[in-house]
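Descriptive analysis of the structure
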Amino acid sequence: MLPLVLLLPLLALAPFFCTDAGPGWPSMVRDRLLLVLAWSGAIALTWTEPGLGLFVAVVLCHWRSPKGVGALVTVGAGIALFLAARALPGEWFPLVTWAIVISVVVQVVLAIIQVLLAIAAGQTWHVVRESARGTVGNRVVLGCLCAMAWPLATIWWVAPLLVGLVLTRSFSALVAAGVAAVVLWPPLWWLVGGLGALGWMGMQYRRPTPVAGMHSRVVLAALCWKQMRRAGWRDRLLGFGSGSFFRSSKWWMSNRQTTELFKHAHNDAVQVGFEWGALGLLAGVLFVGSLLWRGGVGDPMTAALAAVAVNALFQFPLHLPHVLAPVLVLAGMIGR
């Protein structure tokens, strides 16, 4: 572990120097040296976290020009946060989880205020419902955070998080919270399923089934699959690179294959597979699977990660920094 820690400062500085890769002296030697250091760090990381190390290797395969620096910086920052969380003493864990819960509760309080202000202004039901967003972007993201945070909360703090789930009225958040409950209390799966069915019926009473939303997700997945089938084996294994989904989405919309412009696939598994290929998707599965295995059922942090993993099949929480950051912290504490 010590050699990896020593390499991290060099890896953090690499993107700021390796920006004009090409022939010539001394830039050629410098670029090759930085690539060797980066690959050495990826190999060292693979020894401790195979899934994470494999994903770093896939990202490095796309580091051919300054265009790949953004993804490398983002992945490097995520690894640093994960390793920092792994180094936390065990007695700090309750403080960290408490901070996550409190921050989400604050967002729920802000969302309640936003809803009350919208009602006082005489807004329509649609505007009132969509105003429950806090400062996290939209109500669906807030619902995901509530589903992630409630397994970490004590009984007194669960109530405002459940209010947040009801307020956001997000189908994906409801499913994620149900899965988290089953992971936390496996013998009560029948009770969780019954409450989930009642919640589903209650939500449909005021909001029809989001058929259009699910249809658009299926269309995006099909378009990604078609483009991957037409690509070569290298693109199938390593993907088209960071931001490639958004570029392809512009093309699909211009050809009227989609009705609107999508920056994300609303399914992180589909988008990771498109941008980072089969190896990137395999790396994500290995990483998440190892964390869930080490955490085990009945563990609150495992339940929180399971909630986000389920939500990622309907939305794009792992592409949002304010969701990904606490997820990486929890992952580090589980994987220590």
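Cut-off values and rules
Residues numbered from 1 in each chain as written. Predicted model: local features only at pLDDT ≥ 70, side-chain atom pairs only at ≥ 80, totals over all residues. Heavy atoms only, no water. Core = buried A, V, L, I, M, F, W, Y, C linked by side-chain atoms within 4.5 Å. Buried < 20%, exposed > 50% of the residue type's maximum accessible area, 1.4 Å probe, protein only. Helix = DSSP H or I, 4+ residues; strand = E, 2+ residues; numbered from the N terminus. Contact = heavy atoms within 4.5 Å. Axes fitted to C-alpha atoms, helices over the stretch in contact; angles between N-to-C directions. Parallel < 35°, antiparallel > 145°, perpendicular 65-115°, else oblique. Left-handed = near helix turned anticlockwise from the far one by under 90°. Nonpolar A, V, L, I, M, F, W, Y, C, P; charged D, E, K, R; others polar. Salt bridge = Lys/Arg side-chain N within 4 Å of Asp/Glu carboxyl O.

Right, let's get into the nonpolar core. Soluble globular proteins tend to pack their nonpolar side chains together in the buried interior. Core analysis: the biggest nonpolar cluster contains 76 residues, and Met148, Leu161, Val323, Leu330 and Met333 have the highest contact counts within it. A per-element tally of this core places helix α5 (residues 93–120) first, with ten residues. The residues touching Met333, leaving out its near neighbours within four places in the chain, are Ala85, Leu88, Phe93, Val96, Thr97 and Met301.

Glancing now at the packing of helix α15 (residues 300–311) against helix α16 (residues 321–334). A pair of packed helices is captured by two measures, namely the crossing angle of their axes and the spacing between those axes. The geometry of α15 relative to α16 is characterised by a closest axis approach of 10 Å and an angle of 140° between their N-to-C directions. As the angle between them shows, α15 and α16 are arranged oblique. When the axes of α15 and α16 are compared, the crossing they make is left-handed. Note on element contacts: α16 touches α15 through Val323, Val327, Leu330, Ala331, Met333 and Ile334, opposite Met301, Thr302, Ala304, Leu305 and Val308. Taken together, the residues that form the contact of α15 with α16 break down as ten nonpolar, one polar and no charged.

Scanning the entire structure with this criterion turns up four salt bridges. Among the ionic pairs, Arg86 bridges to Glu49, the shortest N-O distance being 3.4 Å. Of this pair, Arg86 sits in helix α4 (residues 69–86) while Glu49 is found in the loop between α2 (27–48) and α3 (50–61), placing the two residues 37 residues apart along the sequence. The exposure classification of Arg86 matches that of Glu49, with both residues buried. Two residues, Arg129 and Glu130, come together in a salt bridge whose shortest N-O distance is 3.4 Å. Accessibility classification places Arg129 together with Glu130 in one group, the buried group. One connected set of salt bridges, linked through shared partners, spans Glu49, Arg86 and Arg294.

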